[in-house]
Amino acid sequence: MKDHRKAILKKARRVVVKVGSAVVAAPAVEGRDIFSRLAFEIKALKETGREVAIVSSGAIALGVRKLGLKERPIAIPERQAVAAVGQGSLMACYEEAFSRAGSHVAQVLLTHDDLGSRKRFLNARNTLTTLLKFGIVPVINENDTVAVEEIKFGDNDALSALATNLIEADLLIILSDIDGLFDKDPKAFKDAQKLRFVEDVDAAGFELLNGSANALGTGGIKSKCEAARKAAHYGAATIIANGNRPGILTAIFNGEDAGTLFFPKEDRLTSKKHWIAFSARPSGRVFVDDGAKEALLAKGKSLLPSGIKDVDGTFEPGEVVHCVDMAGMEFARGLSNYSSSEIQKIKGMKTAELVQVLGYKVFDEVIHRDNLVVL
Ligand code: GLU
């Protein structure tokens, strides 16, 4: 296991460091706040040839402080407003700390919806990889004015997994105010043990774990494990560790057993398939008969019009759809070559009949195997 850990860290050339609200808002430790600690530790990582992007929460936490509020607001529009106040302060903190360490940061505000469009996903990827090429550290946050996913449930945990795929990183480090994942809730049980590894993130029973959020952010351990699962399917490892511990990044890369390491999946999805499974927002459903379901699941086949019984939702070619069986259970997801209205016309038909019905044929398959992910 130790060797495996070593190999994962050695291989990690591109790293996403996710900083939670509880870390951003924590008091300085040994006279240094999180921003200057990160600036110097990330500088050292960059000197080893690694590229680093930050996903940072904390806009609301700093907004609360700036406005002198007693606590984080409950109403979502109020949280959005407070985030708009705090985002500037958050960037000012990163700017100042990183410039003292001799490097630049760049603000990148994203929403899940942006990343659900393949075109915008690729545009964001181009910007981010160019920043990394220039040696600049992107600081990504959710664009809280137009999106509320993270301030409702996530504290940017889900965004950090999307960012890992977006920049094709090998490692996601989630810094929170906990030492890692425990076998039971460490706040309630004194004998709770920290897990050093999670070998198979899909097999682990995270529902048993305490998922309560802390006072400053929205995410609990559950949303962190879910982020680790998404990253694992993309072939990236995740480490959940305590960001309030000075020198944590250095300790991790020095091979110390810090935090909990989630192993990446061996059979990783390609970046495009990962996007289909986790980033895209499906806009409709195709109902697939049992024979075609079997061909997709067991034989690795594409989905042809003949296997489709029905369609719902409205979508254009190139959009992602759910593939459901006749009981409505989703078993796969894929990029459709045809629109919902075209599928309405060609469902149940043989490939040879397509031209007759539509007057043209784009592809034989409604969803090609290369654009299909079995769930
Ligand atoms: N985007 C939010 C922020 O920067 C993160 C989520 C949260 O703290 O709930 O504050």
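Bear in mind the structure is a predicted one, so any value in this text is a computation, not a measurement.

## Observations regarding the sheet that holds strand E3 (residues 105–110)
Reasoning step 1: In spatial order, the strands read E3-E4-E2-E1-E5-E7-E8-E6; together these eight strands make up an open sheet with mixed pairing. Edge strands, defined here as strands with exactly one partner in the open sheet, are E3 and strand E6 (197–198).
Reasoning step 2: As defined by bridge partners, strand E5 (residues 171–176) adjoins strand E7 (residues 237–242) across six bridges and the pair is classed as parallel. Residue pairing in the sheet places Leu-172 in a bridge with Thr-238 of E7.

## Some points on the sheet that holds strand E10 (residues 308–313)
Reasoning step 1: A sheet is described by the order of its strands in space; here five strands give the open sequence E10-E9-E11-E12-E13, paired in mixed fashion. Among the strands making up the open sheet, the edge pair consists of E10 and strand E13 (372–374). Across the sheet, the mean angle separating the axes of adjacent strands is 25° when strand polarity is ignored.
Reasoning step 2: For strand E9 (residues 284–288) and E10, the ladder comprises five bridges, and the chain directions are antiparallel. Its bridge partner being in E10, Val-288 is matched across the sheet by Ile-308.

## Overview of the confidence of the model for the protein chain
Close inspection of predicted coordinates is inappropriate in any region flagged by low pLDDT.
Reasoning step 1: Taken over all residues, the pLDDT of the protein chain has a mean of 90, while the share at 70 or more is 95%.
Reasoning step 2: Contacts of residues 210–216 to residues separated by more than four positions or lying in other chains number 18 contacts, the stretch itself having pLDDT below 50.

## Observations concerning unusual backbone geometry
Reasoning step 1: Backbone geometry at Asn-156 places phi at a positive 70°, although glycine is not the residue there.
Reasoning step 2: Turning to its location among the elements, Asn-156 is positioned in the loop between helix H8 (149–154) and helix H9 (157–166).
Reasoning step 3: Judged by its relative accessible area of 2%, Asn-156 falls in the buried class.
Reasoning step 4: Of note in this structure, Glu-168 is not a glycine but carries a positive phi near 55°.
Reasoning step 5: As for its placement among the helices and strands, Glu-168 is situated in the loop between H9 and E5.

Scoring rules and cut-offs
Residues numbered from 1 in each chain as written. Predicted model: local features only at pLDDT ≥ 70, side-chain atom pairs only at ≥ 80, totals over all residues. Heavy atoms only, no water. Pairing = 2+ DSSP bridges. Helix = DSSP H or I, 4+ residues; strand = E, 2+ residues; numbered from the N terminus. Axes fitted to C-alpha atoms, helices over the stretch in contact; angles between N-to-C directions. pLDDT = per-residue confidence, 0-100. Contact = heavy atoms within 4.5 Å. Buried < 20%, exposed > 50% of the residue type's maximum accessible area, 1.4 Å probe, protein only.

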